[in-house]
Number of protein chains: 4
Amino acid sequence: LHVIRENDLVLFYDGKRRKYVRTVRVGDRLETDLGYIDMQAAIGKEVGSTVSTSKGVRFYLLKPTLTDLIFTFRRPTQVIYPKDAGLILLEADIRPGMKVVEVGTGSGFLTAILSEYVGPEGRVYTYEYRREFLLAAKRNLSRHGLGSNVEFKLKDATRGIDERDVDVVVIDIADPWNVLRHAWEALKPSGRFASFSPTYNQVEKTCIEASKVGFIMLHTFEVLVRDIISDETRTRPASRMIAHTGFVTVGRKAVPPEES
Amino acid sequence: LHVIRENDLVLFYDGKRRKYVRTVRVGDRLETDLGYIDMQAAIGKEVGSTVSTSKGVRFYLLKPTLTDLIFTFRRPTQVIYPKDAGLILLEADIRPGMKVVEVGTGSGFLTAILSEYVGPEGRVYTYEYRREFLLAAKRNLSRHGLGSNVEFKLKDATRGIDERDVDVVVIDIADPWNVLRHAWEALKPSGRFASFSPTYNQVEKTCIEASKVGFIMLHTFEVLVRDIISDETRTRPASRMIAHTGFVTVGRKAVPPEES
Amino acid sequence: LHVIRENDLVLFYDGKRRKYVRTVRVGDRLETDLGYIDMQAAIGKEVGSTVSTSKGVRFYLLKPTLTDLIFTFRRPTQVIYPKDAGLILLEADIRPGMKVVEVGTGSGFLTAILSEYVGPEGRVYTYEYRREFLLAAKRNLSRHGLGSNVEFKLKDATRGIDERDVDVVVIDIADPWNVLRHAWEALKPSGRFASFSPTYNQVEKTCIEASKVGFIMLHTFEVLVRDIISDETRTRPASRMIAHTGFVTVGRKAVPPEES
Amino acid sequence: LHVIRENDLVLFYDGKRRKYVRTVRVGDRLETDLGYIDMQAAIGKEVGSTVSTSKGVRFYLLKPTLTDLIFTFRRPTQVIYPKDAGLILLEADIRPGMKVVEVGTGSGFLTAILSEYVGPEGRVYTYEYRREFLLAAKRNLSRHGLGSNVEFKLKDATRGIDERDVDVVVIDIADPWNVLRHAWEALKPSGRFASFSPTYNQVEKTCIEASKVGFIMLHTFEVLVRDIISDETRTRPASRMIAHTGFVTVGRKAVPPEES
């Protein structure tokens, strides 16, 4: 049987739009605008069942998904959305057991995704030169028990990447072209880079430099997600959408012609 | 050093559009419209370097990615594209170590992706009631060394799903609503289903039935990917795109109100 | 020379986001959060030049476009956006000199567009069964000198359309299928209808009924517009967009097989 | 009554995908892969009714729309699609009675649209420096009785535009920035330009130059159209779409600050 125990991470969900991720602790309270919930009331209840607030509103008790967790992160910077991260996994071929370098930890949003998908047998090395960002990201992950396979590095990757024989380098900084040569050095032959940038200008510079450095099969794409609203007799796309986060460029390391 | 050995899977790539995935065997030849390559010539060469055809055209020797492999599958049916699969991974929270049921094996395209992302510690149970499809899918995977954690089941899942305590049920059949009750039974509380359908009518029926059965947090979306073409002075979206493959609906298992 | 005269319609524009359409009258003031402008100060100035507010902020004096004008309309209902109206003009072939029936006046947004594009030699008959909407729409147009070729009809078009030999019937009501038979009667042979609906369900019912009634060449489409932000070194799609307003279905009147 | 007469332009339509625009002449034959039609058989028939081929396949007899006509044009160059033209009409405020300059006649596709929408009271001046394009465009229009209000000018507009007091300048050449100063001279104050370009690099240069020259309210957008396929029980977006034709930039002429 699946029951909530003390110290479990729980997603409290009101069935509509309110979502709260909390570690269940005896004596703690979850305050909501629909009343409060004594955490103790959740303990021993079945996962998927409901608990009522002081005002009698029911909240579901769910296990948070990875996406639930990362959306609780403090995000001082723009983040790579699941829509982008999902296709990066497949296009850059990031899989369990792999060794991945991330350039630009930011808020740790993508770090958490990489960490989970390379899994316990894999490893993530994440570079961030701004100390406060690195610490915040580390806290974001550790608070929810994420990131045990992540090494947080307070370093500017445009000056060099320490690792070798890496499967994938993922880049989310403003000047990705400045790190491509180091990415090439760090990667295994046939290894991939994936770079995320909001503007066309960055895409262009990235592609030009990537070619020079010896990456092939360059491919740039943009992911758009439309939400669909469906009730019993009316189904339609949502009125608003996130129209743009950024472009993703991927490429693979080849041996430059002169050396091959 | 990374060198090509006999029996390695290799992606031969001409630097433009031609891609061939082959198992390197002494005595075999890769025939292309740009001349042939004696496989033997590839053995001992560094991964990422090139080999020349009989007509002097260079092909890169690369390690195929998962996506390279699945696009070699014979596909008698429509497939779930990487763009859709990538976001399904994140939205349905499919991660290493998980237990996943797939309803509708089809050509095994998504089966291979699920298999790789739940990893060696995870497990995939895939249902297909058409024998020839199941066998073809099995061959598609095994030919490339994929699917060691997959159980192929010649069964109609609309009559029932055998597994229990499943993390995620992924559905790719024409009548997903007929399998939702069984999916609910098979899932852990808080477990997810993800259903893929080309038409809005299917989405509507799926959402109605999913609500009835006891799924919550229903969310339907559509993923669009635009390719961007970039050369040194001209960057623009590609002229053509795949405008629609299907809609994805995800939901989570809750304990129905009357029971909770 | 183009100078502003008393009683001219003027668009006051601050060079950024503030836009005010006003009829210039001596003694009137335009109040803005950046100070006020005495209308008199605009009179005699060249179109395209600037005038300063009481706080010294410059506003351009421009001739309002049709789009500037309609966005000043009071809009109690959802409106058909320029993106949709523009393609309706071409797909339903609405041109100067034509006779057009509009079913569902709403706020008069589309009425104004139809009126302007059929021009002084054309004519628009617009049906609205809700008196307060019809009057508000009429005011919206007449306030800006629009609509001299429009006949406003307080009638429910689902009970019948009076006109005959019409070039195009444009429909923007919740149940377009209920007016298609009347539209067919009203249209010239080879005449077109264009129907606007937010949901897939409406599209489906409209297409089914349109076929039955004797319309051919049915075509449904959806228009999406992405804004692009460009400054000297950074060009990118805007982060947010209107993802959906509605679908447009067009068709042409043929003589039903049994009669032809 | 609407009947087909000799010398009428007729759209022959098989009810599916085949469309032929022809001038009906006694003695002529329309050859199709579904048999031939003697034109004489169409004369005297009602518009919207059908005529049968020698193989007994029925074709509808319709009045061609403007869009039907322009898609018959010979198109050596890329054209501005109805989706783009429709929004250009509204965003650049091109209406009956206006005076419009077109830079880059190309195949005359947009010329025909501009000509029809400014109507008999309006006028279009179209510039093309390649004689063979200009002649072909002229033929494209006159063959179908279009363009009586168009002046075709064999001139390079980057060297100057002759007209003054123009309402709108529409630009469809590879280097729009080279014509913006001339466009500014030609336009009325508050007049608009609209420029169409496939690449973001062109957009960026156009915006920079437009600002310098004295255009304000610059706005760049991209129009996407999704076709929706609907039959009685299955409605869905089409699988393929035209993902990109070009970006449109519009702006309005203001008096430069130093002069105002």
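Residues numbered from 1 in each chain as written. Chains lettered and ligands numbered in written order. Predicted model: local features only at pLDDT ≥ 70, side-chain atom pairs only at ≥ 80, totals over all residues. Heavy atoms only, no water.

On a plain count of helices and strands, chain A comes out with six helices and 15 strands. A principal-axis box enclosing the C-alpha atoms of chain A has dimensions of 70 × 45 × 35 Å. Sorting the 260 residues of chain A into buried and exposed places 62% on the buried side. The long-range share in chain A, meaning contacts at least 24 apart out of those at least 6 apart in sequence, stands at 61%. Of the roughly 10300 Å² that chain A leaves accessible, carbon and sulfur atoms contribute 45%. Chain A carries 38 positive and 34 negative side-chain charges, and their two centres are separated by 4 Å. (Helix = DSSP H or I, 4+ residues; strand = E, 2+ residues; numbered from the N terminus. Buried < 20%, exposed > 50% of the residue type's maximum accessible area, 1.4 Å probe, protein only. Contact = heavy atoms within 4.5 Å. Areas by Shrake-Rupley, 256 points an atom, 1.4 Å probe, with all protein chains shown as cover. Lys, Arg positive; Asp, Glu negative; His and termini not counted. Charge placed at Lys NZ, Arg CZ, Asp CG, Glu CD.)

Moving on to the interface of chain B and chain C. Counting from both sides, the interface comprises five residues of chain B and, opposite them, four residues of chain C. Taken together, both faces of the contact between chain B and chain C bury some 440 Å²; the carbon and sulfur share is 42%. Our count for the contact surface shared by chain B and chain C stands at zero salt bridges. Joining chain B to chain C, the criterion identifies two residue pairs in polar contact (both at pLDDT 80 or more). Sorting elements by how many residues they give to the side of chain B that touches chain C places helix 6 (residues 200–213) of chain B first, with three residues. Of the residues assigned to the side of chain B that touches chain C, the class counts are two nonpolar, one polar and two charged. (Buried area = accessible area lost by both parts, 1.4 Å probe. Salt bridge = Lys/Arg side-chain N within 4 Å of Asp/Glu carboxyl O. Polar contact = N/O pair within 3.5 Å; in protein donor to acceptor, adjacent residues only side chain to side chain. Nonpolar A, V, L, I, M, F, W, Y, C, P; charged D, E, K, R; others polar.)

At an RMSD of 0.0 Å, chain B and chain A line up after a rotation of 180 degrees and a shift of 0.0 Å along the axis. Here the copies are linked by what is in effect a two-fold axis. Proximity to the rotation axis, assessed at the C-alpha, singles out Gly86(B) in chain B; its C-alpha lies 2.0 Å from the axis. Comparing interface residues between copies, 99% of those in chain B also sit at the interface in chain A, which points to an isologous, same-surface contact. (Least-squares fit on C-alpha atoms with pLDDT ≥ 70 in both.)

The next point concerns empty space enclosed by the protein. Inspection of every chain in the model, using the stated rule, returns two cavities of 30 Å³ or more. A volume near 80 Å³ is recorded for the largest cavity. Those elements that place two or more of their residues in the lining of the largest cavity are strand 12 (215–230) of chain B, strand 12 (215–230) of chain C together with strand 12 (215–230) of chain D. Residue composition of the lining of the largest cavity, by class: eight nonpolar, no polar and three charged. Lining the second largest cavity are 13 residues, and of these Thr105(D), Gly106(D), Ser107(D), Phe109(D) and Asp172(D) sit closest to its centre. Here the lining of the second largest cavity is composed, by residue class, of four nonpolar, seven polar and two charged. (1 Å grid on protein atoms, 1.4 Å probe; cavity = no way out; pocket = protein on both sides within 12 Å on 5 of 7 lines; lining within 4 Å. Points joined across faces, edges and corners; volume = space filled by probe spheres on them.)

As a further point, take the packing of aromatic side chains. Applying the stated criterion across every chain, the model contains 32 aromatic pairs over all chains. For the ring pair Tyr200(A) and Tyr200(D), a centre distance of 4.8 Å and an interplane angle of 10 degrees mean the geometry is stacked. Within this pair, whereas Tyr200(A) is found in helix 6 (residues 200–213), its partner Tyr200(D) is found in helix 6 (residues 200–213), the two belonging to separate chains. Of the two residues, Tyr200(A) and Tyr200(D), neither departs from the other in class, the shared state being buried. When the ring of Phe73(C) is compared with that of Phe109(C), the centres are 6.4 Å apart and the planes differ by 90 degrees; the resulting orientation is edge-to-face. In this pair, Phe73(C) sits in the loop between helix 1 (66–70) and helix 2 (82–91) while Phe109(C) sits in helix 3 (residues 109–118), placing the two residues 36 residues apart along the sequence. For Phe73(C), a relative accessible area of 3% gives the class buried. (Phe/Tyr/Trp six-rings, centres within 6.5 Å; stacked < 30°, edge-to-face > 60°.)

Turning next to the sheet that holds strand 2 (residues 19–23) of chain A. Pairing between sheet strands relies on hydrogen bonds along the backbone, with the strands arranged either parallel or antiparallel. All names here are of chain A. Within the open sheet, the four strands sit side by side as 2-1-6-5. Their pairing is antiparallel. Strand pairing shows two members of the sheet lacking a second neighbour, strand 2 and strand 5 (50–52), which therefore form its edges. Strand-to-strand, the axes of this sheet are offset by a mean angle of 30 degrees, without reference to chain direction. For strand 5 and strand 6 (residues 58–62), the ladder comprises three bridges, and the chain directions are antiparallel. Considered in strand 6, the bridge of Thr50 is made with Tyr60. (Pairing = 2+ DSSP bridges. Axes fitted to C-alpha atoms, helices over the stretch in contact; angles between N-to-C directions.)

This brings us to the interface of chain B and chain A. Between chain B and chain A, the residue contacts involve 68 residues of the former and 67 residues of the latter. In total, about 5900 Å² of surface goes out of reach between chain B and chain A, with carbon and sulfur atoms giving 62% of it. In this structure, the connection of chain B to chain A is made through four salt bridges. Asp68(B) is the partner of Arg252(A) in a salt bridge, and the nearest nitrogen-oxygen pair spans 2.8 Å. In this structure, the connection of chain B to chain A is made through 27 residue pairs in polar contact (both at pLDDT 80 or more). The element best represented in the side of chain B that touches chain A is strand 12 of chain B, accounting for 13 residues. A class-by-class count of the residues in the side of chain B that touches chain A yields 32 nonpolar, 15 polar and 21 charged. Where strand 12 (residues 215–230) of chain A lies against strand 12 of chain B, nine bridges are found, and the strand directions are antiparallel. What sits directly across from Leu224(A), in strand 12 of chain B, is Leu224(B).

With that out of the way, let us pick up the confidence of the model for chain A. Close inspection of predicted coordinates is inappropriate for parts of the model with low pLDDT. Confidence along chain A averages 95 in pLDDT terms, with 98% of residues attaining 70 or more. Interface confidence for the predicted complex, expressed as ipTM, amounts to 0.95; the pTM equals 0.95. (pLDDT = per-residue confidence, 0-100.)

The geometry of helix 2 (residues 82–91) of chain A relative to helix 2 (residues 82–91) of chain B is characterised by a closest axis approach of 7 Å and an angle of 115 degrees between their N-to-C directions. Here helix 2 of chain A and helix 2 of chain B pass one another in a crossing that is right-handed. Within the contact between the two elements, helix 2 of chain A uses Pro82(A), Lys83(A), Ala85(A), Gly86(A), Leu87(A), Leu89(A) and Leu90(A) and helix 2 of chain B uses Pro82(B), Lys83(B), Ala85(B), Gly86(B), Leu87(B), Leu89(B) and Leu90(B). Residues of the contact of helix 2 of chain A with helix 2 of chain B, tallied by class, amount to ten nonpolar, two polar and two charged. (Left-handed = near helix turned anticlockwise from the far one by under 90°.)

Let's shift gears to the side chain of Thr249(C). Residues and elements named next belong to chain C. Along the chain, the position of Thr249 falls in strand 15 (residues 247–253). Using a relative accessible area of 2% as the deciding quantity, one classes Thr249 as buried. At 2.9 Å, the side chain of Thr249 forms a polar contact with the side chain of Thr220. Those residues in contact with Thr249 that lie beyond four places of it in its chain are Phe193, Ala194, Ser195, Val203, Cys207, His219 and Thr220.

Right, let's get into the pairing of strand 9 (residues 150–154) of chain B. Residue and element names in this part refer to chain B. The pairing of strand 8 (residues 123–128) with strand 9 spans five bridges and is parallel. What sits directly across from Glu128, in strand 9, is Leu154. Each parallel crossover has a hand, and the one from strand 8 via helix 4 (residues 131–142) to strand 9 is right-handed. (Right-handed = clockwise from strand over helix to strand, strands pointing away.)

Residues three or four positions apart in an α-helix share a direction because the helix packs 3.6 residues into each turn. Residue and element names in this part refer to chain D. Of all ten residues in helix 3 (residues 109–118), ten are buried; the element is thus mostly enclosed. Where helix 3 is concerned, the buried positions are Phe109, Leu110, Thr111, Ala112, Ile113, Leu114, Ser115, Glu116, Tyr117 and Val118. At the exit of helix 3 stands Gly119, carrying a positive phi of roughly 70 degrees.

Right, let's get into the pattern of salt bridges. Residue and element names in this part refer to chain C. Going through the model one piece at a time under the given rule, you end up with 73 salt bridges over all chains. Arg130 is the salt-bridge partner of Glu128, the closest N and O atoms lying 2.7 Å from each other. According to the relative accessible area criterion, Glu128 is buried, its value standing at 2%.

Turning to the packing of helix 6 of chain A against helix 6 of chain D, a few remarks are in order. It is the contact of helix 6 of chain A with helix 6 of chain D, at a shortest axis distance of 10 Å, that shows an interaxial angle of 130 degrees. One element, helix 6 of chain A, and the other, helix 6 of chain D, form an angle in the oblique class. The interaxial crossing formed by helix 6 of chain A with helix 6 of chain D has left-handed handedness. Contacts between helix 6 of chain A and helix 6 of chain D involve Tyr200(A), Asn201(A) and Glu204(A) from the first element and Tyr200(D), Asn201(D) and Glu204(D) from the second. Grouping the amino acids of the contact of helix 6 of chain A with helix 6 of chain D by side-chain chemistry returns two nonpolar, two polar and two charged. (Parallel < 35°, antiparallel > 145°, perpendicular 65-115°, else oblique.)

Residues and elements named next belong to chain A. Turning to its location among the elements, Phe215 is positioned in strand 12. Residue Phe215 is classed as buried on the basis of its relative accessible area, which comes to 3%. As for Phe215 and Leu180, which are separated by 35 residues in sequence, their C-alpha atoms are 9.0 Å apart. When residues no more than four places from it in sequence are discounted, the contact partners of Phe215 are Leu180, Ala183, Trp184, Leu187, Phe193, Ala210, Gly251, Arg252 and Lys253.

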